[in-house]
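# Structural description and commentary
The residues making up each chain are set out below.
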Amino acid sequence: MSTTAPSRPLPSVVQVGLSRTGLEVKQFFREKEQLIFTFFFPIIFLAIFSAVFSGTDFADGVDAATYFTPGMIASGIFLTSFQSLAITIAMERDEDLLKRLRGTPMSPQSYFIGKIGLVLVTSIAQFGLLLAIAGLLLGVDIPSSPDRWLNFLWIFVLGTASGSVLGIAFSVVPKSGKAASAVVTPVVLLLQFISGVYFVYSSLPAWMRSVSEVFPLKWLAQGMRSVFLPDGFEASEPGGSWQLGTGAIVLSVWLVVGLVVAQRVFRWTRRDAG
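Reference entry: report on the structure contained in this document.

To continue, consider helix H1 (residues 13-30). Here H1 spans 26 Å end to end across 18 residues, near enough to the 26 Å set by a 1.5 Å rise per residue. For H1, the complete set of buried residues consists of Gly17, Arg20, Thr21, Glu24, Val25 and Phe28. The buried side chains of H1 occupy one side of the element, clustering within an arc of 145 degrees when seen end-on. Summarising the geometry of H1, the exposed residues directed more than 90 degrees from the buried face are Ser19, Lys26 and Arg30. Elements in contact with the buried residues of H1: helix H2 (32-52), helix H4 (97-102) and helix H5 (108-136).

Below, the structure is given as C-alpha coordinates:
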(Lines give C-alpha, C1' and ligand atoms only; values in the text may rest on other atoms or scores of the structure.)
Protein backbone atom coordinates (compact mmCIF):
# COMPACT_ATOMS: atom_id res chain seq x y z
CA MET A 1 0.00 0.00 0.00
CA SER A 2 1.54 3.26 -1.12
CA THR A 3 1.39 6.36 0.97
CA THR A 4 1.42 9.91 -0.30
CA ALA A 5 3.58 12.39 1.54
CA PRO A 6 1.56 15.26 2.93
CA SER A 7 1.92 18.41 0.88
CA ARG A 8 3.57 21.37 2.54
CA PRO A 9 1.64 24.62 2.70
CA LEU A 10 2.92 27.36 0.44
CA PRO A 11 4.87 30.13 2.18
CA SER A 12 2.90 33.25 2.97
CA VAL A 13 3.36 36.63 1.33
CA VAL A 14 5.29 37.86 4.37
CA GLN A 15 7.55 34.79 4.47
CA VAL A 16 8.44 35.21 0.81
CA GLY A 17 8.99 38.92 1.37
CA LEU A 18 11.36 38.32 4.28
CA SER A 19 13.27 35.77 2.23
CA ARG A 20 13.48 38.33 -0.55
CA THR A 21 14.79 40.90 1.96
CA GLY A 22 17.74 38.65 2.75
CA LEU A 23 18.57 38.35 -0.93
CA GLU A 24 18.20 42.11 -1.51
CA VAL A 25 20.57 42.90 1.38
CA LYS A 26 23.22 40.47 0.09
CA GLN A 27 23.02 42.00 -3.38
CA PHE A 28 23.25 45.52 -1.99
CA PHE A 29 26.42 44.89 0.00
CA ARG A 30 28.04 43.34 -3.07
CA GLU A 31 27.63 46.61 -5.00
CA LYS A 32 30.57 48.63 -3.69
CA GLU A 33 29.75 51.82 -5.61
CA GLN A 34 26.16 51.92 -4.35
CA LEU A 35 27.32 51.01 -0.85
CA ILE A 36 29.81 53.89 -0.72
CA PHE A 37 27.32 56.41 -2.12
CA THR A 38 24.53 55.38 0.25
CA PHE A 39 26.59 55.37 3.43
CA PHE A 40 29.04 58.21 2.89
CA PHE A 41 27.09 60.81 0.89
CA PRO A 42 25.26 62.28 3.95
CA ILE A 43 28.43 62.02 6.05
CA ILE A 44 30.52 63.92 3.50
CA PHE A 45 27.90 66.67 3.25
CA LEU A 46 27.66 66.90 7.04
CA ALA A 47 31.43 67.34 7.26
CA ILE A 48 31.37 70.02 4.52
CA PHE A 49 28.57 72.05 6.11
CA SER A 50 30.18 71.73 9.55
CA ALA A 51 33.40 73.18 8.15
CA VAL A 52 31.75 75.93 6.05
CA PHE A 53 29.57 77.18 8.91
CA SER A 54 32.13 76.57 11.64
CA GLY A 55 31.73 79.12 14.44
CA THR A 56 28.16 80.00 13.48
CA ASP A 57 25.62 80.00 16.32
CA PHE A 58 22.27 79.05 14.80
CA ALA A 59 20.23 79.62 18.01
CA ASP A 60 20.26 78.40 21.59
CA GLY A 61 23.96 77.54 21.32
CA VAL A 62 23.47 75.11 18.41
CA ASP A 63 26.55 74.82 16.21
CA ALA A 64 26.65 73.82 12.53
CA ALA A 65 27.36 70.12 13.06
CA THR A 66 24.49 69.80 15.53
CA TYR A 67 22.03 71.71 13.33
CA PHE A 68 22.75 69.85 10.09
CA THR A 69 22.88 66.35 11.64
CA PRO A 70 19.05 65.92 11.72
CA GLY A 71 18.76 67.11 8.13
CA MET A 72 21.42 64.68 6.97
CA ILE A 73 19.70 61.82 8.79
CA ALA A 74 16.41 62.72 7.10
CA SER A 75 18.18 63.09 3.75
CA GLY A 76 19.87 59.72 4.20
CA ILE A 77 16.51 58.04 4.86
CA PHE A 78 15.07 59.66 1.74
CA LEU A 79 18.07 58.63 -0.36
CA THR A 80 17.95 54.99 0.73
CA SER A 81 14.17 54.79 0.35
CA PHE A 82 12.72 57.03 -2.36
CA GLN A 83 15.74 57.68 -4.58
CA SER A 84 17.36 54.27 -4.29
CA LEU A 85 14.16 52.31 -4.96
CA ALA A 86 12.91 54.55 -7.76
CA ILE A 87 16.21 54.12 -9.62
CA THR A 88 16.98 50.46 -8.90
CA ILE A 89 13.46 49.19 -9.67
CA ALA A 90 13.44 51.10 -12.96
CA MET A 91 16.81 49.52 -13.83
CA GLU A 92 15.67 46.04 -12.80
CA ARG A 93 12.58 46.44 -14.98
CA ASP A 94 14.67 47.66 -17.91
CA GLU A 95 17.04 44.69 -17.55
CA ASP A 96 14.05 42.27 -17.55
CA LEU A 97 14.87 41.12 -14.03
CA LEU A 98 11.30 41.87 -12.95
CA LYS A 99 10.01 40.03 -16.00
CA ARG A 100 11.81 36.91 -14.82
CA LEU A 101 10.48 37.38 -11.28
CA ARG A 102 6.98 37.62 -12.73
CA GLY A 103 7.32 34.00 -13.84
CA THR A 104 7.70 32.91 -10.22
CA PRO A 105 4.89 32.54 -7.66
CA MET A 106 6.15 35.67 -5.86
CA SER A 107 3.48 38.37 -5.57
CA PRO A 108 4.12 42.10 -5.97
CA GLN A 109 3.43 42.47 -2.24
CA SER A 110 6.31 40.11 -1.40
CA TYR A 111 8.54 42.06 -3.76
CA PHE A 112 7.54 45.29 -1.98
CA ILE A 113 8.30 43.74 1.42
CA GLY A 114 11.73 42.72 0.18
CA LYS A 115 12.52 46.24 -0.99
CA ILE A 116 11.18 47.90 2.17
CA GLY A 117 13.17 45.41 4.28
CA LEU A 118 16.30 46.37 2.36
CA VAL A 119 15.61 50.05 3.02
CA LEU A 120 15.14 49.42 6.75
CA VAL A 121 18.41 47.51 7.05
CA THR A 122 20.47 50.02 5.07
CA SER A 123 18.84 53.03 6.76
CA ILE A 124 19.61 51.68 10.24
CA ALA A 125 23.22 50.94 9.27
CA GLN A 126 23.62 54.36 7.64
CA PHE A 127 22.11 56.12 10.65
CA GLY A 128 24.40 54.27 13.06
CA LEU A 129 27.50 55.20 11.07
CA LEU A 130 26.48 58.85 10.65
CA LEU A 131 25.62 59.21 14.34
CA ALA A 132 28.91 57.63 15.40
CA ILE A 133 30.93 60.05 13.24
CA ALA A 134 28.82 63.05 14.28
CA GLY A 135 29.21 62.21 17.97
CA LEU A 136 32.85 61.10 18.01
CA LEU A 137 34.42 63.41 15.42
CA LEU A 138 32.13 66.44 15.19
CA GLY A 139 31.15 66.82 18.83
CA VAL A 140 27.39 66.44 18.34
CA ASP A 141 25.53 65.67 21.58
CA ILE A 142 23.59 62.41 21.30
CA PRO A 143 20.13 62.50 22.94
CA SER A 144 19.74 60.44 26.10
CA SER A 145 16.05 60.98 26.83
CA PRO A 146 13.82 57.92 26.16
CA ASP A 147 11.04 60.25 24.95
CA ARG A 148 13.26 61.59 22.21
CA TRP A 149 14.24 58.12 21.07
CA LEU A 150 10.59 57.07 21.02
CA ASN A 151 9.89 60.05 18.77
CA PHE A 152 12.85 59.08 16.62
CA LEU A 153 11.48 55.55 16.28
CA TRP A 154 8.07 56.48 14.89
CA ILE A 155 9.48 59.27 12.71
CA PHE A 156 12.09 56.86 11.32
CA VAL A 157 9.55 54.11 10.63
CA LEU A 158 6.98 56.44 9.03
CA GLY A 159 9.63 58.24 6.99
CA THR A 160 11.23 55.02 5.78
CA ALA A 161 7.90 53.38 4.91
CA SER A 162 6.45 56.41 3.09
CA GLY A 163 9.69 57.03 1.18
CA SER A 164 9.84 53.37 0.15
CA VAL A 165 6.31 53.10 -1.24
CA LEU A 166 6.68 56.45 -3.00
CA GLY A 167 9.95 55.24 -4.54
CA ILE A 168 8.23 52.07 -5.78
CA ALA A 169 5.40 54.14 -7.27
CA PHE A 170 7.76 56.70 -8.86
CA SER A 171 9.85 53.94 -10.48
CA VAL A 172 7.33 53.81 -13.34
CA VAL A 173 8.03 57.45 -14.31
CA PRO A 174 11.46 56.97 -15.99
CA LYS A 175 11.02 55.55 -19.49
CA SER A 176 14.15 53.45 -19.14
CA GLY A 177 16.66 52.32 -16.57
CA LYS A 178 19.34 54.53 -18.09
CA ALA A 179 17.14 57.60 -17.65
CA ALA A 180 16.13 56.76 -14.08
CA SER A 181 18.95 58.63 -12.34
CA ALA A 182 18.45 61.73 -14.52
CA VAL A 183 14.73 61.76 -13.68
CA VAL A 184 14.81 60.90 -9.98
CA THR A 185 17.91 62.76 -8.72
CA PRO A 186 16.72 66.31 -9.59
CA VAL A 187 13.46 65.67 -7.75
CA VAL A 188 15.35 64.59 -4.64
CA LEU A 189 17.76 67.54 -4.83
CA LEU A 190 14.89 70.00 -5.17
CA LEU A 191 13.14 68.57 -2.12
CA GLN A 192 16.37 68.65 -0.13
CA PHE A 193 16.91 72.34 -0.90
CA ILE A 194 13.37 73.43 0.04
CA SER A 195 12.95 71.13 3.06
CA GLY A 196 15.63 72.49 5.39
CA VAL A 197 18.28 69.88 4.69
CA TYR A 198 20.95 72.14 3.19
CA PHE A 199 19.74 75.46 4.62
CA VAL A 200 18.28 76.74 7.87
CA TYR A 201 14.60 76.08 7.29
CA SER A 202 13.36 79.27 8.96
CA SER A 203 15.55 81.37 6.62
CA LEU A 204 13.85 80.05 3.46
CA PRO A 205 11.24 82.24 1.71
CA ALA A 206 7.69 81.76 2.98
CA TRP A 207 6.44 80.52 -0.41
CA MET A 208 9.18 77.91 -0.51
CA ARG A 209 8.30 76.67 2.96
CA SER A 210 4.65 76.47 1.93
CA VAL A 211 5.56 74.26 -1.02
CA SER A 212 7.79 72.01 1.10
CA GLU A 213 4.97 71.43 3.61
CA VAL A 214 3.17 69.35 1.00
CA PHE A 215 5.99 66.81 0.78
CA PRO A 216 7.24 64.27 3.34
CA LEU A 217 10.93 65.25 3.48
CA LYS A 218 10.17 68.56 5.21
CA TRP A 219 8.31 66.80 8.01
CA LEU A 220 10.93 64.09 8.25
CA ALA A 221 13.69 66.70 8.67
CA GLN A 222 11.66 68.74 11.16
CA GLY A 223 10.85 65.63 13.16
CA MET A 224 14.53 64.74 13.34
CA ARG A 225 15.33 68.26 14.53
CA SER A 226 12.91 67.70 17.42
CA VAL A 227 14.99 64.68 18.42
CA PHE A 228 18.52 66.07 18.08
CA LEU A 229 18.18 69.81 18.78
CA PRO A 230 17.63 71.30 22.26
CA ASP A 231 14.11 72.21 23.38
CA GLY A 232 14.91 75.91 23.19
CA PHE A 233 15.39 75.67 19.44
CA GLU A 234 11.71 74.86 18.98
CA ALA A 235 10.84 78.57 19.15
CA SER A 236 13.06 79.16 16.09
CA GLU A 237 10.85 76.97 13.92
CA PRO A 238 8.48 78.95 11.62
CA GLY A 239 5.41 77.60 13.43
CA GLY A 240 6.96 78.09 16.86
CA SER A 241 6.78 74.34 17.54
CA TRP A 242 7.97 71.00 16.17
CA GLN A 243 4.44 70.22 14.88
CA LEU A 244 4.96 66.49 15.42
CA GLY A 245 1.23 65.75 15.18
CA THR A 246 0.96 67.43 11.79
CA GLY A 247 4.12 65.68 10.65
CA ALA A 248 2.71 62.29 11.66
CA ILE A 249 -0.48 62.98 9.69
CA VAL A 250 1.36 64.13 6.55
CA LEU A 251 3.75 61.17 6.59
CA SER A 252 0.86 58.75 7.18
CA VAL A 253 -1.14 60.23 4.30
CA TRP A 254 1.85 59.91 1.97
CA LEU A 255 2.33 56.31 3.15
CA VAL A 256 -1.28 55.39 2.32
CA VAL A 257 -1.29 57.29 -0.98
CA GLY A 258 2.05 55.80 -2.01
CA LEU A 259 0.92 52.29 -1.15
CA VAL A 260 -2.30 52.62 -3.16
CA VAL A 261 -0.54 54.18 -6.15
CA ALA A 262 2.30 51.64 -6.05
CA GLN A 263 -0.22 48.79 -6.12
CA ARG A 264 -2.01 50.30 -9.10
CA VAL A 265 0.88 51.43 -11.29
CA PHE A 266 3.57 48.83 -10.56
CA ARG A 267 4.69 46.96 -13.66
CA TRP A 268 6.81 43.82 -13.97
CA THR A 269 7.72 44.67 -17.58
CA ARG A 270 8.75 47.72 -19.56
CA ARG A 271 6.10 49.86 -21.22
CA ASP A 272 7.16 48.83 -24.70
CA ALA A 273 6.75 45.15 -23.69
CA GLY A 274 2.97 45.56 -23.57
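The subject of this paragraph is the environment of Gly22. Within the fold, Gly22 resides in helix H1. What makes Gly22 partly exposed here is its relative accessible area of 33%. Sequence-wise, Gly22 and Leu118 are 96 residues apart; in three dimensions their C-alpha atoms are separated by 7.9 Å.

Glancing now at a nonpolar patch on the surface. Taken together, the side chains of Ile36, Phe40, Ile44, Ile48, Val52 and Leu129 define a hydrophobic patch exposed on the protein surface, amounting to about 530 Å² of accessible area. Ranked by residues supplied to the nonpolar patch, first place goes to H2 with five residues. Mapped onto the secondary structure, Ile44 falls in helix H2. The exposure class assigned to Ile44 is partly exposed, which follows from its relative accessible area of 47%.

What follows covers the side chain of Thr66. With respect to the helices and strands, Thr66 occurs in helix H3 (residues 64-94). Residue Thr66 is classed as buried on the basis of its relative accessible area of 12%. Within the structure, Thr66 has its side chain in polar contact with the side chain of Asp63 (distance 2.7 Å). When residues no more than four places from it in sequence are discounted, the contact partners of Thr66 are Val140, Phe228 and Leu229.

Time to look at helix H7 (residues 177-194). Counted at 1.5 Å a residue, the expected span for H7 with its 18 residues is 26 Å, and the 27 Å between its end C-alpha atoms agrees. Looking at H7, one finds that the buried residues are Gly177, Ala180, Val184, Val188, Leu191, Gln192 and Ile194. Among the structural elements, H3, helix H6 (146-170), helix H8 (206-212) and helix H9 (216-228) are those in contact with the buried residues of H7. Of the residues flanking the end of H7, it is Gly196, one or two places downstream, whose phi is positive at about 80 degrees.

Definitions and cut-offs
Numbering of residues starts from 1 in every chain and runs along the sequence as written. With pLDDT at 70 or above as the cut-off, local features in this predicted model cover only qualifying residues; side-chain atom pairs require 80 or more to be listed or tallied, and sums for whole chains, interfaces and linings still use all residues. Computation of side-chain values: all heavy atoms of the structure, hydrogens and water removed. Numbering goes from the N terminus for both helices and strands, where a helix is a DSSP run of H or I of at least four residues and a strand is a run of E of at least two. Each helix should span, by expectation, one fewer than its residue count multiplied by 1.5 Å. Here's how the labels work: a residue is buried when its accessible area is under 20% of the maximum for its type, exposed when over 50%, partly exposed in between, all with a 1.4 Å probe on protein chains only. Relevant arc is that of directions from the helix axis to the C-beta atoms, nothing else. A contact between two residues is defined here by any heavy atoms of the two lying within 4.5 Å. Every patch collects residues that have over 30% relative accessible area and no salt bridge, joining them within 9 Å if they carry like charges and within 5 Å if they are nonpolar side chains (Val, Leu, Ile, Met, Phe, Trp, Tyr). Only the protein chains shown count as cover for residues, and all accessible areas are computed by the Shrake-Rupley method using a 1.4 Å probe. What counts as a salt bridge is simple: a side-chain nitrogen of Lys or Arg found within 4 Å of a carboxyl oxygen of Asp or Glu. Between N or O atoms, a polar contact is any pair within 3.5 Å; within protein, one atom must be a potential hydrogen donor and the other a potential acceptor, and residues adjacent in sequence are included only when both atoms are from side chains.

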